[in-house]
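Observations on chain architecture
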Amino acid sequence: MTRHFNFCAGPAALPEAVLARARDEMLDYRGRGLSVMEMSHRSSDYVAIAERAERDLRELLAIPDNYRVLFTQGGATQQFAALPYNLLGAGGTANFVQTGIWGSKAIKEARHLFGDAVVAASSEANGHTAVPRQSEIELSEDAAYLHYTANETIGGLEFDYTPGGAEGLRRRDGSEVPLACDMSSSILSGPLDVSRFGVIYAGAQKNIGPAGLVVAIVRDDLLDRARADMPSLFSYRALAEAGSMINTPATYSWYLAGLVFEWLKDDIGGLVAMGASNDRKASKLYATIDASELYSNPIAPVNRSRMNVPFVLADSRLDEAFLAESEEAGLLNLKGHRSVGGMRASLYNAVPEAAVDALVDFMSDFEKRRG
Ligand SMILES: *Cc1c(COP(=O)(O)O)cnc(C)c1O
């Protein structure tokens, strides 16, 4: 068996130790004589798996007690709809900071459902190469919440600050505007102060586990702001009250997410260590890009994503050879998103430093031979 280095943007690499453990437990989960996949989600064994996953995630992110952790479905894309349904019940308008394709999709969905969405700041004018600064965010007076995308997975653009800072976002009358964040491609990549957020959500398939699961972290007091006309499966309150089991949850993905949380705690040593490793990985790759004549990345250095590194070759006629030869060298999924072309290397938690070492060696060698 050979496992190659996988730089896929999502569904993405999983830690080998997690896959090995899942393999060992696959046919017979701890002597129960069945697979986790075959268990009732109401069984005491499964409920223990689910509760352990939540406990470990709470510990990793130091999630305060006044936040609920939800394990739901429908991808991050479903949250583009669920979030406004849950937060617009008292009226007001959804506000957005737009920094790329995912944030734009969230805006489009809010407009589609509720006709109105305010772009409080956008990096469109600079081609989404630098995020708007705090002072450029202009909330509408009726802002019900502000949504942003912490890391734009396709553009490779990451916020270097949390909007609102430690004081939070305020309307002119001093009342708080809750912050909602799509953290699909950066959650768990380093330490995080959850208390600054009203809602955090993330599709699992980048940094949490397999596809089919979404983790949402919701501050208690926001459970009362939902619209009455919402599909009941979207309801944060209903999910919270049912322990995320209104209906059958994505049981196996939830179990695997739990194994990833254990791996982060026990094998990696927590999010400070994970963050340091991610910094090293990204620095190595950006240094290689910056030192070369062949490769380039357009993002302002402070906003360069640690998780997704897009780059183009000076001569796009070399793209095909780059992709064919990198795959030959065991470096998988370096092709850029279909909407932007070029290359993209995603360096999520489960991508080991050795993968980045192999990639930068390949890139330097390719440039020597073909550049
Ligand atoms: C991948 C991604 C999404 C879409 O996730 P789905 O689970 O496919 O709906 C949304 N936002 C960001 C930032 C992403 O990286």
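Since we're looking at a predicted model, the values are computed, not measured. (Residues numbered from 1 in each chain as written. Predicted model: local features only at pLDDT ≥ 70, side-chain atom pairs only at ≥ 80, totals over all residues. Heavy atoms only, no water.)

1. What to know about the site of the ligand
Near the ligand lie 13 residues; those nearest to it are T77, T153, D182, Q205 and K206. At 3.1 Å from an oxygen atom of the ligand is found a main-chain nitrogen or oxygen belonging to A76. One of the side-chain nitrogen or oxygen atoms of T77 is found 2.5 Å away from an oxygen atom of the ligand. Sort the elements by how many residues they give to the shell around the ligand and helix α3 (residues 75-87) lands first, with four residues. (Near = heavy atom within 4 Å. Polar contact = N/O pair within 3.5 Å; in protein donor to acceptor, adjacent residues only side chain to side chain. Helix = DSSP H or I, 4+ residues; strand = E, 2+ residues; numbered from the N terminus.)

2. A closer look at the sheet that holds strand β13 (residues 295-296)
Read from one edge of the open sheet, three strands run β13-β14-β16, paired in antiparallel fashion. Either end of the sheet is taken by a strand with one partner, and the two such strands are β13 and β16 (343-346). As paired elements, β13 and strand β14 (residues 308-313) share two bridges and run antiparallel to each other. What sits directly across from Y295, in β14, is L313. Across the sheet, helix α7 (residues 271-291) lies against β13, β14 and β16, angled at about 15 degrees from β14, the strand it touches most. (Pairing = 2+ DSSP bridges. Contact = heavy atoms within 4.5 Å. Axes fitted to C-alpha atoms, helices over the stretch in contact; angles between N-to-C directions.)

3. A look at the environment of G212
Of note, G212 is situated in the loop between β11 (199-203) and β12 (214-219). Sequence separation between G212 and A76 is 136 residues; the distance between their C-alpha atoms is 9.9 Å. Once residues lying within four places of it in the same chain are set aside, the contact partners of G212 are T72, Q73, A250 and S253.

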